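# Observations on the model geometry
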Number of protein chains: 2
Amino acid sequence: MREFKRKSRILLVDDNAEHLRGIKELLTLETSYDIAGTTTSANIGINLVKKYRPEIVIMDINLPEKDGLQAIQEIEKLGLGTKVLVLSGYDDPDLIYRAMKVGAKGYVLKTMSSAQLVYAIDEILSGKYYLPSALSSKFFEHFQQSFREESEVSDEENLLTYLTSREEEVLELLTQGNNYKGIAGKLFISETTVKTHVNNIFQKLQVNDRTQAVLYALNNGFGKKIRAKISA
Amino acid sequence: MREFKRKSRILLVDDNAEHLRGIKELLTLETSYDIAGTTTSANIGINLVKKYRPEIVIMDINLPEKDGLQAIQEIEKLGLGTKVLVLSGYDDPDLIYRAMKVGAKGYVLKTMSSAQLVYAIDEILSGKYYLPSALSSKFFEHFQQSFREESEVSDEENLLTYLTSREEEVLELLTQGNNYKGIAGKLFISETTVKTHVNNIFQKLQVNDRTQAVLYALNNGFGKKIRAKISA
DNA sequence: TTTGATTTAAATCTAAAGATTGAGAAAATC
DNA sequence: GATTTTCTCAATCTTTAGATTTAAATCAAA
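Quick caveat: nothing in here was measured; it's all calculated off a predicted structure.

Looking now at the protein's contact with DNA strand C. With respect to spatial proximity, 17 residues lie near DNA strand C, and among them Thr164(A), Arg166(A), Ser190(A), Asn199(B) and Arg210(B) are the closest. Of all DNA strand C atoms lying within 4 Å of any protein atom, the proportion belonging to sugar or phosphate reaches 70%. Lys195(B) places a polar side-chain atom, nitrogen or oxygen, 3.0 Å from a base oxygen of DNA strand C. Within the side chain of Asn199(B), a nitrogen or oxygen atom sits 2.4 Å from a phosphate oxygen of DNA strand C. The set of elements that each furnish at least two residues to the surface near DNA strand C consists of helix 7 (165–174) and helix 9 (191–205) of chain A together with helix 9 (191–205) of chain B. The biggest single contributor to the surface near DNA strand C is helix 9 of chain A, with 4 residues. Taken together, the residues of the surface near DNA strand C break down into 3 nonpolar, 10 polar and 4 charged.

Below, the structure written as structure tokens:
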């Protein structure tokens, strides 16, 4: 099948020059591939993507240097539809998670067989994602962990639960940037009543002003609206 | 290997009674499994989890009824370490994504072979996650899509880009709930200077008060801090 | 039916926030 | 070297926010 298609341009990025040569030799054996270029620098790699428009970039990621992740992100930003396959020596759940998060189409280990690598490349070239079963499992460890942390916040000791339904309505309008007059108008009550509610909200949430109240609401899953925690 | 372990208790939840019997017969052939119970109701299923403490729950999910997803979430909340394997007739990316998000350990289709189902169960019982390659690919479609929507927000026309570095510092402290005095103290400048900065921030962000400024900042990816969009 | 919580409201006061103008010093840019 | 931003600060003023007290009407529950 592959023999009848146009050759797929591949760009190799790996800061280990020897490793780079090894992969290149391995892939040149495949008649359907065309090695568009190789480089040991992530930044040069981005420029080569702009220049040669490869279908796929095989990129090494080292745990100490985070350049690889950022490079993937920048390649994605170009909007050229370039697919990135991560070839890493680490099966760290966090690294796998972040690589997929920034847009990688696959993640394989350097210890895998050449046949597996070719399979991964073909899967990705055909528009699919590819993550080996073992790495997929590690990915989900991290994926679900990030949501568990969220729901732990809105467990108990959430001061929002002490609010009455009317106070929730007032807080909702506060989180939309309304002042006293705006809230009074929207709830058809007097401004002084709104002040009473707002003061009660402050006491219950143990804050001093509306900005702190709004921040508390947003950070504690107000109105079942889930917000991701601040992440690097 | 499995023959020497204690039998694993399995709970089956499927609103199709016939299907339920079929799976039950299939799994009773496996000597290492012990069917702890079967039910066609998600709510009864949760109670059976509390009662029999199965190692694994095999749960059907229908697209129209969202009860299944909520049931998974509630089983997770129990904190009994019960693993949930979704057995669904749909390979919808959104459904797969949400099932894994709420805590499922695996997701397989009803069309799969019995050997594959047994393999999935064993993988999950051994502490891994299991998602077949084809479904894994669909999962990542949705996963990466959700992040692409985020970065589109902070594209252009982001008024935050007009802020000077000092104004960014002030805004950062505003988003932490500080008042004028607090900001002045932390930046070692006078309170009047802070007022000047804040007023400039208001003009640049086209808002009227600090709460609106803070909300604008949080909703437009202030300081590269990524926040998920409001999701149901 | 009475108790307790909620919602509504007013009056008063202090403190903080916000608008505006003007202006000097430093730093970056041209 | 001249120009423009940026950062700093002050003074003044108006408005809004927030604290506190008191209290009436409503409503659900004991």
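As a structural note, the neighbourhood of DNA strand D is formed by 17 residues, with Asn179(A), Asn199(A), Thr164(B), Arg166(B) and Ser190(B) the closest of them. Restricting the count to atoms of DNA strand D within 4 Å of the protein gives a sugar and phosphate share of 69%. A distance of 3.0 Å is found between a phosphate oxygen of DNA strand D and a side-chain nitrogen or oxygen belonging to His197(B). Mapped by element, the contributors of at least two residues to the surface near DNA strand D are helix 9 of chain A together with helix 7 (165–174) and helix 9 of chain B.

Take helix 8 (residues 180–187) of chain B next. All names here are of chain B. When helix 8 is considered as a whole, its buried residues turn out to be Ile183, Ala184 and Leu187. Seen end-on, helix 8 carries its buried residues on one side only, within an arc spanning 100°. Where the residues of helix 8 are buried, they touch helix 7 and helix 9. Backbone geometry just downstream of helix 8 places Phe188 in the positive-phi region, at approximately 55°.

What counts, and at which threshold
- Residues numbered from 1 in each chain as written.
- Chains lettered and ligands numbered in written order.
- Predicted model: local features only at pLDDT ≥ 70, side-chain atom pairs only at ≥ 80, totals over all residues.
- Heavy atoms only, no water.
- Near = heavy atom within 4 Å.
- Polar contact = N/O pair within 3.5 Å; in protein donor to acceptor, adjacent residues only side chain to side chain.
- Helix = DSSP H or I, 4+ residues; strand = E, 2+ residues; numbered from the N terminus.
- Nonpolar A, V, L, I, M, F, W, Y, C, P; charged D, E, K, R; others polar.
- Buried < 20%, exposed > 50% of the residue type's maximum accessible area, 1.4 Å probe, protein only.
- Arc of directions from axis to C-beta.
- Contact = heavy atoms within 4.5 Å.

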